[in-house]
Amino acid sequence: MMIRALIFDFDGVLMDTGRYHYKSWEILLDKIGLTLEPEDDLVLKGASRIDSLEYLLHKGQLLLSHYQKEALLKEKNRIYLDLIDHLTLQDLLPGVYPLIQAAKKEGYQVAVASGSRNARHILERIGALDLFDIVIDANDVPAAKPDPEIYEHVCQLLHLHPAETVVIEDAEKGVAAGIAAGCYVLGLGDPAYLDKAHMVVSSLAGLGLDDILQGVSRDLIA
Ligand code: MG
């Protein structure tokens, strides 16, 4: 089967927003007497806002009411939006823009599938929404990664079989979601955590479309 689309995750793939998510959880936890630890990042990366909070409260052995949790989620997002207010189109991660341009030139469709409820809003604010054929975020799909639903949904909208798409993901949960949906997956980051991906790179900078197509389909050819 031929590859016909690239599907980008948002946080950690299109933009380096993961560290602002991390920082906003750190500020929030501090307000309720808990401490965020660096290893928590692996759990939080790619997880939905509510799943992240539930994990952190469970770890901190803090029992809160539904109402209190709602208030914390709202506050977390307020802090996050404040922290990312300065981001512009120039802050797309290295290699992203050239890859999108190359893909479009070759007739590939280009999409975004993010577990963040802020993804579409941020892309719109920085003027990047038009770069993509389809943008789906956590407002559109209730099931959070590692559930494959978000990738299945994007493939349906693209009118493609998942095996005609390459998902680009920086989180273990996102890689798992893409694999479970039946997509090819390019992992971005540490191979130690992304070993389920068909191919792993440390950056998209300088990466050509051909490198990706050859890399992900190596197991098919072999
Ligand atoms: Mg991500």
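Predicted model only: the values in this text are computed from it and were never measured.

Draft legend 1. View of a nonpolar patch on the surface. Side chains of Leu42, Val43 and Tyr193 sit close together on the surface and give an oily, nonpolar patch of about 220 Å² of accessible area. Structurally, Val43 can be placed in helix 2 (residues 40–44). Of the residues examined, Val43 reaches a relative accessible area of 32% and is grouped as partly exposed.

Draft legend 2. Representation of the coordination of the magnesium ion within the structure. Protein-derived coordination of the magnesium ion comes from Asp9 (OD), Asp11 (O) and Asp170 (OD), at a distance range of 2.0 to 2.2 Å. Look at where the donors of the magnesium ion fall in the sequence and you get D-x1-D-x158-D. Taken together, the residues span a long stretch of sequence, with Asp11 in the loop between strand 1 (5–8) and helix 1 (18–31) and Asp170 in the loop between strand 4 (165–169) and helix 8 (172–181) at a distance of 159 residues. When its relative accessible area of 15% is taken as the criterion, Asp11 is described as buried. Judged by its relative accessible area of 11%, Asp170 falls in the buried class.

Draft legend 3. Geometry of the domain arrangement of the protein chain. Entries for the protein chain in the domain assignment read domain 1 (5–16 + 88–221) and domain 2 (18–83). Its C-alpha centre places domain 1 at a distance of 25 Å from the equivalent point of domain 2. With 13 residues of domain 1 at the contact, the number on the domain 2 side is 15 residues. Between domain 1 and domain 2 the total buried area reaches about 1,200 Å² when both faces are included, carbon and sulfur atoms providing 47% of it. Counting the surface domain 1 buries against domain 2, the share from its top three residues, Asp16, Asn118 and Lys173, is 41%. Close ionic contact of Asp16 with Arg19 constitutes a salt bridge, the shortest N to O distance being 2.9 Å. Summed over the shared surface of domain 1 and domain 2, the result is five residue pairs in polar contact (both at pLDDT 80 or more). Looking at side-chain class alone, the side of domain 1 that touches domain 2 contains four nonpolar, three polar and six charged residues.

Draft legend 4. Expanded view of the side chain of Asp11. There is no salt bridge for the buried Asp11, and the closest opposite charge comes from Lys145, which lies 7.5 Å off by N-O distance. At 2.5 Å, the side chain of Asp11 forms a polar contact with the side chain of Thr17. Those residues in contact with Asp11 that sit more than four places away from it in its chain are Thr17, His21, Tyr80, Ser114, Ser116 and Asp170.

Draft legend 5. Representation of the pattern of salt bridges in the model. Per the stated rule, a full pass over the model turns up 13 salt bridges. For Asp82, the salt bridge is made with Arg78, and the minimal N-O distance between the two is 3.8 Å. Residue Asp82 and its partner Arg78 are located together in helix 4 (residues 66–83), separated by four residues, close to a single helical turn. For Asp82, a relative accessible area of 56% corresponds to the exposed category. Members of the salt-bridge network, linked through shared partners, are Lys31, Glu75, Arg78 and Asp82.

Draft legend 6. Expanded view of the pairing of strand 4. Counting buried residues in strand 4 gives five out of five residues, a clear majority hidden from the surface. Side-chain alternation along strand 4 places Thr165, Val167 and Glu169 on one buried face and Val166 and Ile168 on a second face that is also buried. Where strand 1 lies against strand 4, four bridges are found, and the strand directions are parallel. Residue Ile7 lies in a different strand from strand 4, and its bridge partner there is Val167. Sheet topology places strand 4 next to strand 5 (residues 184–188); four bridges connect them, and they run parallel. Note on strand 5: the bridge partner recorded for Glu169 is Gly187. Handedness of the crossover joining strand 4 and strand 5 through helix 8 is recorded here as right-handed.

Draft legend 7. Looking closely at the packing of helix 3 (residues 49–59) against helix 4. Packing of helix 3 against helix 4 brings their axes to within 11 Å, and their N-to-C directions diverge by 115°. By the angle between their directions, the pair helix 3 and helix 4 is classed as roughly perpendicular. Taken as a pair, helix 3 and helix 4 cross one another with a handedness that is right-handed. Between helix 3, through Arg49, Ile50, Leu53, Glu54 and Leu57, and helix 4, the contact on the second element is made entirely by Lys69, Leu72, Leu73 and Asn77. Per-class residue counts for the contact of helix 3 with helix 4 are five nonpolar, one polar and three charged.

The rules behind these values
Residues numbered from 1 in each chain as written. Predicted model: local features only at pLDDT ≥ 70, side-chain atom pairs only at ≥ 80, totals over all residues. Heavy atoms only, no water. Patch = residues over 30% accessible without salt bridge, like charges linked within 9 Å, V, L, I, M, F, W, Y side chains within 5 Å. Areas by Shrake-Rupley, 256 points an atom, 1.4 Å probe, with all protein chains shown as cover. Salt bridge = Lys/Arg side-chain N within 4 Å of Asp/Glu carboxyl O. Helix = DSSP H or I, 4+ residues; strand = E, 2+ residues; numbered from the N terminus. Buried < 20%, exposed > 50% of the residue type's maximum accessible area, 1.4 Å probe, protein only. Donors = N, O, S within 2.8 Å, 3.2 Å for Na, K, Ca; no water. Domains from an automatic or database assignment. Contact = heavy atoms within 4.5 Å. Buried area = accessible area lost by both parts, 1.4 Å probe. Polar contact = N/O pair within 3.5 Å; in protein donor to acceptor, adjacent residues only side chain to side chain. Nonpolar A, V, L, I, M, F, W, Y, C, P; charged D, E, K, R; others polar. Lys, Arg positive; Asp, Glu negative; His and termini not counted. Pairing = 2+ DSSP bridges. Right-handed = clockwise from strand over helix to strand, strands pointing away. Axes fitted to C-alpha atoms, helices over the stretch in contact; angles between N-to-C directions. Parallel < 35°, antiparallel > 145°, perpendicular 65-115°, else oblique. Left-handed = near helix turned anticlockwise from the far one by under 90°.

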